[in-house]
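What follows is each chain in one-letter form.
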Amino acid sequence: MVVFKVARIQTTPYDGQKPGTSGLRKKVKVFTQPNYLHNFVQSTFNALSAEKVRGATLVVSGDGRYFSKEAIQIIIKMAAANGVRCVWVGQNGLLSTPAVSAVIRERVGPDGSRASGAFILTASHNPGGPHEDFGIKYNMENGGPAPEGITDKIFENTKVIKEYLMADLPDVDISTIGITNFTGPEGLFDVDVFDSATDYVKLMKSIFDFNSIQKLLSSPKFTFCYDALNGVAGAYARRTFVEELGAPESSLLNCVPKEDFGGGHPDPNLTYAKELVGRMGLGKSSSQEEPPEFGAAADGDADRNMILGKRFFVTPSDSVAIIAANAVQAIPYFSAGLKGVARSMPTSAALDVVAKHLNLKFFEVPTGWKFFGNLMDAGLCSVCGEESFGTGSDHIREKDGIWAVLAWLSILAYRNKDNLSGGKLVTVEDIVRQHWATFGRHYYTRYDYENVDAGAAKELMAHLVKLQSDLAEVNKAVKGMRSDVSNVVHADEFEYKDPVDRSISKHQGIRYLFEDGSRLVFRLSGTGSEGATIRLYIEQYEKDSSKIGRDSQEALAPLVEVALKLSKMEGFTGRSAPTVIT
């Protein structure tokens, strides 16, 4: 057994190590600066209470992006030096973000131990590679992201750090399942490398009726396609869809995890998931083959999802509303009823209408999954979602891309249980259009302006806040731009008081709410690694069933014009068009 010593290594602080809504994300070249990662990891250990570190079990894994393997070895050595008893690592360093949450909540180690937290190495949907992005975040014992109280402490520690602790351990082989034992000044230290998918797949089988999904997937009438965009979802897709559910191997696209995501951008939307979009009949140069009935994609760390039908896109806002409306009938886990539902503020109000119809508790929270986690821990929320392709439930404390796909497959299986042998298949498009006919349609789009000059972005937001002081002037300006747009009746900066811990989150997005239920929302996103990303959300509610079949961009054109002119978007950013339209 290797005996290790612990060294205290002098260091100096780096500016800007402030974790955003999903941890610290920077370019690889930033993370590979001397002691940059070490400073952040030690600052995290210093922010946690002693019992969460000394003698504790921690998970260290991620989406497999470039620099992950080196980072895992560094964190193992620092964990040993800080008195951690055991580090759990997914084989090859791979664990999806939802799987990490599941492992913290569900896995029991060979010695009966449970994990009290995790370092997750991911920059989510951002590109990977030597010149691209890396990220790290800490999750707590409930499986959810660290709350602001902890991330604020981490940031304060990064400003004053003088030393970090490091054990002189050899690198651990993380490609082979098994336990490696060491001993140090405080006793035993183990590294447990385990299968990445086992715990997660077991959890999914306890939530969904795999037999009914298997019948759907084995029907010659139903065809299926899943694109992991060369992210970590590939490690779960084959196990779940092929081995457990019997889908053909040919239904998997880009399901080999790669350090650079195959040179692509692992963001599951209509812009970046080009191959899937083409295969589903939605691309500009779609293949002549008949598209599959159902398609889905994941991002780099598999917590996001995109749902597609044949030649049909399901907005994430509609997706969470439809899952909530069908969950009790279609998903065994929810058979006793939903405790409540929640959405992020920029997400469309489609879920609100379902909640009202089903008489469910409803919550509108800031962007960031930790806000949902508080509600779930208090037993107030079962299903939740964000417009940014994040959907999930209280089975874990992260959004969960494969869970969302299984939820949709469950709904399709339930709706088609009597007609797989004969009769017409109920399609994804049928389910969405039936939902609109029942609840009304929320026309919705998002414009992303990525890598905008940070100063210009702040000026634009300040301009929008200033406008809110005089709604009469705003409405005069709006009518001058488009007479067919309704009046603004309320405008504010969204502020959230958490009903569980009573914390207050301010400056969570600028809102303009219109008389007819339409909304304009402007937010600066915290998920990019450099510059600023301005997100503009545009929504219009339509109850008239004769008007729910319009093209979304056409229906929203008047509001889009108002939003761009009112914000002076081009003037502030120099951009004549957004980077991405969703």
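Engineer: When you look at the overall build of the protein in this model, what are you seeing that I'm missing?
Structural biologist: When its secondary structure is counted, the protein shows 18 helices and 27 strands. Overall, the C-alpha framework of the protein stretches about 75 × 60 × 45 Å when taken along its three principal axes. The long-range fraction of contacts in the protein, counting pairs at least 24 apart against all pairs at least 6 apart in sequence, stands at 73%. Accessible area of the protein: about 22,000 Å², with a carbon and sulfur share of 49%. Charge-centre separation for the protein: the mean point of 64 positive side chains lies 2 Å from the mean point of 70 negative side chains.

Engineer: When you look at the pattern of salt bridges in this model, what are you seeing that I'm missing?
Structural biologist: Think of it this way: side chains of opposite charge can pair up when their charged atoms draw near. All told, the structure shown has 39 salt bridges when counted by the stated rule. Linking Arg65 and Asp63 is a salt bridge whose minimum nitrogen-to-oxygen distance equals 3.0 Å. Among the residues examined, Arg65 registers a relative accessible area of 0% and is labelled buried. We note a salt bridge from Asp190 to Arg85, for which the minimum N-O separation is 3.0 Å. Here Arg85 lies in the loop between helix H3 (68-81) and strand E5 (86-90) and Asp190 lies in strand E10 (residues 187-194), a separation of 105 residues in the sequence. On the accessibility criterion, Asp190 (11% relative accessible area) is buried. One salt-bridge network, in which partners are shared between bridges, spans Arg343, Asp352, Glu364, Asp492, Arg511, Arg519 and Glu539.

Engineer: Which parts of the structure should I look at to understand the pairing of strand E18 (residues 383-386)?
Structural biologist: In E18, alternate side chains face the same way, and those of Val383 and Gly385 on one face and Cys384 and Glu386 on the other are all buried. Sheet topology places E18 next to strand E19 (residues 390-393); four bridges connect them, and they run antiparallel. The residue of E19 that forms the bridge with Val383 is Ser393. In this antiparallel pair of consecutive strands, E18 and E19, the connection spans three residues, and Phe389 shows a positive phi of 65°.

Engineer: How do you make sense of the side chain of Asp190 when you look at a structure like this?
Structural biologist: A polar side-chain atom of Asp190 sits 3.0 Å from a polar atom in the side chain of Arg85. Once residues within four sequence positions are removed from consideration, Asp190 is found in contact with Arg85, Cys86, Val87, Ile179, Thr180, Asn181 and Phe182.

Engineer: I would appreciate a short explanation of the sheet that holds strand E14 (residues 305-309) in the present structure.
Structural biologist: Neighbouring strands of a sheet are bound in pairs by backbone hydrogen bonds; such pairs are parallel or else antiparallel. Pairing is mixed across the open sheet formed by five strands, whose spatial order is E12-E11-E13-E14-E15. The strands lining the two open edges of the sheet, one partner per strand, are strand E12 (252-253) and strand E15 (312-314). One ladder, built from five bridges, connects strand E13 (residues 294-298) with E14; its direction is antiparallel. Paired with Phe294 across the strands is Gly309, a residue of E14.

Engineer: Looking at this model, I keep getting lost on the sheet that holds strand E21 (residues 488-493). Mind explaining?
Structural biologist: One open sheet holds the six strands; their spatial order is E21-E24-E25-E26-E20-E27, and the pairing between them is antiparallel. Each edge of the open sheet carries a strand with a single partner, namely E21 and strand E27 (580-581). The pairing of strand E20 (residues 441-452) with E27 spans two bridges and is classified as antiparallel. Bridge pairing links Asp448 to Val580 in E27. Helix H15 (residues 454-467) contacts E20, E21, strand E24 (510-514), strand E25 (519-525) and strand E26 (532-542) of the sheet and is inclined by roughly 150° relative to E25.

Engineer: What is the right way to read the packing of aromatic side chains from this model?
Structural biologist: What characterises a pair of aromatic rings is the spacing of the ring centres plus the angle enclosed by the ring planes. Taken as a whole and assessed by the stated rule, the structure comprises 20 aromatic pairs. With a centroid separation of 6.1 Å and 5° between ring planes, the pair formed by Phe224 and Phe294 is classed as stacked. Of this pair, Phe224 sits in strand E11 (residues 224-227) while Phe294 is found in strand E13, placing the two residues 70 residues apart along the sequence. Among the residues examined, Phe224 registers a relative accessible area of 8% and is labelled buried.

Thresholds applied
- Residue indices begin from 1 for each chain and proceed along its sequence in written order.
- Local features in this predicted model are restricted to residues whose pLDDT is 70 or higher, and side-chain atom pairs enter the listing and the counts only when it is 80 or higher, whereas totals over whole chains, interfaces and linings include all residues.
- Only hydrogens and water are set aside when side-chain values are computed; all heavy atoms of the structure are taken into account.
- Note on conventions: DSSP H or I runs of at least 4 residues are helices, E runs of at least 2 residues are strands, and numbering of each starts at the N terminus.
- Between two residues, a contact is recorded if the distance between any of their heavy atoms is within 4.5 Å.
- Only the protein chains shown count as covering a residue, and every accessible area follows the Shrake-Rupley method with a 1.4 Å probe.
- His is not counted here, nor are the chain ends, while Lys and Arg score as positive and Asp and Glu score as negative.
- Every charge is mapped onto a representative atom, which is NZ of Lys, CZ of Arg, CG of Asp or CD of Glu.
- Here, a salt bridge means any Lys or Arg side-chain nitrogen found within 4 Å of an Asp or Glu carboxyl oxygen.
- Buried, partly exposed and exposed residues are distinguished by accessible area as a fraction of the type maximum, computed with a 1.4 Å probe on protein chains only: under 20%, between the cut-offs, and over 50%, respectively.
- Paired strands, in this sense, are two strands between which DSSP finds at least two bridges.
- Pairs of N or O atoms within 3.5 Å make up the polar contacts considered here, provided that, within protein, one atom can donate a hydrogen while the other can accept it, and that residues adjacent in sequence are counted only when both atoms are side-chain atoms.
- All axes are obtained by fitting lines to C-alpha atoms, using only the stretch in contact for helices, and the reported angles, taken between N-to-C directions, cover 0 to 180 degrees.
- Each pair of aromatic rings taken from Phe, Tyr and Trp, with Trp reduced to its six-membered ring, is defined by centres within 6.5 Å and is described as stacked if the planes are under 30 degrees apart, edge-to-face if over 60, and tilted in the remaining cases.

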